[in-house]
Amino acid sequence: AFLLCAAAALATSHAAFAETATSRSVCARYETLATYLASKFGEFPVFTGQMEDGLVLRIFANGKSGSWTVLVIRTDGRSCVQAAGEGGTRDVGL
């Protein structure tokens, strides 16, 4: 399912990817999603947080374009896009 969504997103903007990913619960191995986000959108991990039940929340972002993606990573390595968008800015803190 991810590969179909990823292929469709290759010819579109981050906004189109975000809509497709979040409306269809795009899930794949973490390495696959991380590689795709880096190569297609120039996004890299900027925040990682532990959730309950061993889940990990990881935010990817591109500091120049402002695009961002939120993944939830399961203990088995399967990851799902929870949200994505554009116009992100760096907050002071952390």
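Residues numbered from 1 in each chain as written. Predicted model: local features only at pLDDT ≥ 70, side-chain atom pairs only at ≥ 80, totals over all residues. Heavy atoms only, no water.

Draft legend 1. The arrangement of the pattern of salt bridges in detail. Applying the stated criterion across every chain yields a total of two salt bridges. As a salt-bridge pair, glutamate 31 and arginine 29 come within 3.9 Å of each other at their nearest N and O atoms. Since its relative accessible area comes to 47%, glutamate 31 is described here as partly exposed. Judged by relative accessible area, arginine 29 falls into the partly exposed class, the value being 44%. Between aspartate 76 and arginine 74 there is a salt bridge, with its nearest N and O atoms 2.6 Å apart. Of the residues examined, aspartate 76 reaches a relative accessible area of 42% and is grouped as partly exposed. (Salt bridge = Lys/Arg side-chain N within 4 Å of Asp/Glu carboxyl O. Buried < 20%, exposed > 50% of the residue type's maximum accessible area, 1.4 Å probe, protein only.)

Draft legend 2. Representation of the nonpolar core in the model. Core analysis: the largest hydrophobic core is formed by 13 residues, its most contacted members being Tyr30, Leu33, Leu37, Phe60, Leu71 and Val81. Top element by residues in this core is helix α3 (residues 30-41). It accounts for six residues. In this structure leucine 71 touches Tyr30, Leu33, Leu37, Val56, Leu57, Arg58, Phe60, Cys80 and Val81, once residues within four positions along its chain are discounted. (Core = buried A, V, L, I, M, F, W, Y, C linked by side-chain atoms within 4.5 Å. Helix = DSSP H or I, 4+ residues; strand = E, 2+ residues; numbered from the N terminus. Contact = heavy atoms within 4.5 Å.)

Draft legend 3. Structural view of the packing of aromatic side chains. A full pass over the atoms with the stated rule returns two aromatic pairs. With a centroid separation of 6.2 Å and an interplanar angle of 45°, the aromatic rings of tyrosine 30 and phenylalanine 60 are classed as tilted. Highlighted residues: tyrosine 30 in helix α3 and phenylalanine 60 in strand β3 (residues 56-61), separated in sequence by 30 residues. Classification of tyrosine 30 as buried rests on a relative accessible area of 17%. (Phe/Tyr/Trp six-rings, centres within 6.5 Å; stacked < 30°, edge-to-face > 60°.)

Draft legend 4. Region of interest: the side chain of threonine 69. Residue placement: threonine 69 occurs in strand β4 (residues 68-73). Classification of threonine 69 as buried rests on a relative accessible area of 0%.

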